[in-house]
Structures are given as structure tokens and as C-alpha cells.
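Observations on the three-dimensional arrangement
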Amino acid sequence: MMFMHTPLSVIKKAGDRLYHDELQVYRGKDFIVSEHIHIHQPSIDEIYEYGERDYYAMVYNLTATPQTIKSQLWDMQPRIDYTQITQFELFCCLLHNMYPQEKTAILFGDLDFRKFGIMQKEDGSFMLCQIIDNDMVVIDEYTYLMITDFLRQMHIIEKDEKLPANATTKMILIDDAREERFKNRGKEYHSQLKNLISAMINCEEFKYNHSDVWDMKINAFMDSVKRILKIKNANLLLQSAYSGFGGVNLKDVRKQVDWLGDLD
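Note that the structure is predicted; figures quoted are calculated from it, not measured.

Cut-offs applied
Sequence positions are assigned chain by chain, starting from 1 and proceeding in written order. In keeping with the predicted nature of the model, local features appear solely for residues at pLDDT of at least 70, side-chain atom pairs appear and are counted solely at 80 or more, and the whole-chain, interface and lining totals rest on all residues. With hydrogens and water stripped out, all remaining heavy atoms of the structure feed into the side-chain values. For every element, the axis is a line fit to its C-alpha atoms; helices are fit only across the contacting stretch, and the angle between N-to-C directions ranges from 0 to 180 degrees. Helix and strand assignments come from DSSP, with helices taken as H or I runs of at least 4 residues and strands as E runs of at least 2, each series counted from the N terminus. Working definition: roughly parallel below 35 degrees, roughly antiparallel above 145 degrees, roughly perpendicular at 65 to 115 degrees, and oblique for all remaining angles. Every residue pair with non-hydrogen atoms within 4.5 Å of one another is taken to be in contact. Residue polarity follows a fixed list, in which Ala, Val, Leu, Ile, Met, Phe, Trp, Tyr, Cys and Pro are nonpolar, Asp, Glu, Lys and Arg are charged, and the others, Gly among them, are polar. For the purposes of this section, nonpolar cores are sets of buried Ala, Val, Leu, Ile, Met, Phe, Trp, Tyr and Cys residues that join through side-chain atoms within 4.5 Å. Working definition: with a 1.4 Å probe on protein chains only, accessible area under 20% of the residue-type maximum means buried, over 50% means exposed, and in between means partly exposed. By definition, two strands form a pair when at least two bridges between them are found by DSSP.

Focus: the packing of helix α5 (residues 87-95) against helix α7 (residues 141-155)
Where α5 meets α7, the axes come as close as 10 Å, and the angle between the chain directions of the two elements is 90°. One way to sum up the angle between α5 and α7 is to call them roughly perpendicular. Only E141, Y144, L145 and R152 of α7 make contact with α5, whose side of the interface consists of Q87, F88 and F91. For the contact of α5 with α7, the class distribution of residues is four nonpolar, one polar and two charged.

Notes on the nonpolar core
Grouped together as the largest cluster of nonpolar side chains are 58 residues, with contacts concentrated most on Y55, L107, F108, I139, L193 and F221. If one sorts the elements of this core by residue count, α7 sits on top with seven residues. Each residue touching F108, except ones within four places of it in the same chain, is listed here: H38, I39, L62, F113, I147 and L151.

Looking at the pairing of strand β5 (residues 135-139)
Here strand β4 (residues 126-132) pairs with β5 via five bridges, running antiparallel. Of the residues in β5, the one forming a bridge with Q130 is V137.

Thoughts on the sheet that holds β5
Pairing is antiparallel across the open sheet formed by three strands, whose spatial order is β3-β4-β5. The open sheet has two free edges, formed respectively by β3 (117-120) and β5, since each of these has just one partner strand. Pairwise comparison of adjacent strand axes, ignoring direction, gives a mean angle of 45° for this sheet. Bridging between β3 and β4 involves four bridges; their strand directions are antiparallel.

And the structure:
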């Protein structure tokens, strides 16, 4: 399998993240990438109806970077070195056709990723294309980054772009990832959302009950989890500082006690 490298000069600079309108993501409105590419933000109830395990597996696969599946790439035939391909190459060659339209409909509606084909441009770069209603629908590298960064921001998923310092470190990281993958193979699945929902509806700072929490969009819910943790941590630090317990100095934890600030 041959991979072509596309320069990222049109996307700020290599490694930059595309920041979407934070209020739009939090509000839960659909994100319009182009006329034929819309991203729907599901509610917790929609994720429940789809199946939580399958839903998160799809999201993590669609937003995967070479770093997140390094051992799988290395174990493929032919072998793929995760440090030698870009995220867009990975998506075009392996990931975009993993799921039929009925599986991705919860996020992308009628869009069928399996109908996209790879087209090479005159400059050697490439893109995914398909014809919809006589229109050429294109996913180039910039569009791909818009889509995947929105999905990560929506689900509060960190983007792994770390590269090893040398070949020895690379192999250690691949071996560690493979060991972790094998260890989790066949492991019983436990809900990610169940404990979070249970904790939130039994927390005095959370204003939703068991009946109406299901209508929350996933970003607003995950934001609430992190915000309430920040509030509780800030209150604990303030109590410790004013009581003199633990040697907490307010000057040293000024950022941590500002629970109105950005979430980490």
C-alpha cells in the first residue's frame, strides 16, 4: 500500500487544531460542513437507542490518528509504520469505508462514506469524492480536519499526535499498545455513561433528573461532568486554604479555584 503525503500549509500549520465555535458545540446544533455534509450532535437518549458501545467504537474509529492504532497498523500485512502516514491518509485508505450509511446515520444522516472514491489531483495530493444530486462532494484534508476535530470537540476527546523520539521508543510504544490491546480483548464491556449519569443526577449541582437527562446533547452533558468536578475541586481547595489544612496557598491555586474558567 502506497501513501502520498499532502502538505498542511492550507491548515494554519502542522499540528494545529481547528477550533469550532464553542457555543455552537455546547448548544448542540448540527454542524454544516458543506451542502451535503452535516454532522448531527446526538442526545444521550439517541446514543442509548443506537447502543453505547457501538456508538463510541464508531466515534473513536472515525477520529483515530495513526498514533491511536499504532499496534494494529504495525501488525497489518503489509506493515504500516504509524510515524510515516498522516491522519488524512489513514482516513482515506482504511477508515472512511468502515461503516455503512445506516451505522453513521446518527451522525451524518444520509451521507454514505462507502461511496467515496479516492481522486488524485494534479499537484499529487488526493481527496475523497462522490456525486450526490449531480454535485461533486469532496472531502479534502481541510474538510477531514473540520469533521474529525468537530467530533472530538463534541465528545471531549483528546487528539493524540505524539511522535517517538527515536526508533527504539517507537517499538516500545507499539509493543505497549499491542499488550494493552490483547489484554482488553474479550473483556466485558462496562458502560461509560451509566456511572456518569448516575453520579450527575445524584449530585446537588446538577439540575437534571433521571427523566430529563436523556434529552441532553452529549457535549452539554460531558461539559457538565467536567464543570461540576471543577466546582467541587475549587470548593475543596478554598476550604483547605481558609482552614489552613494541607498547606494550600490561594496564590498557588488561583487558577484551580476559578470554576468559571475554561475546562482543562
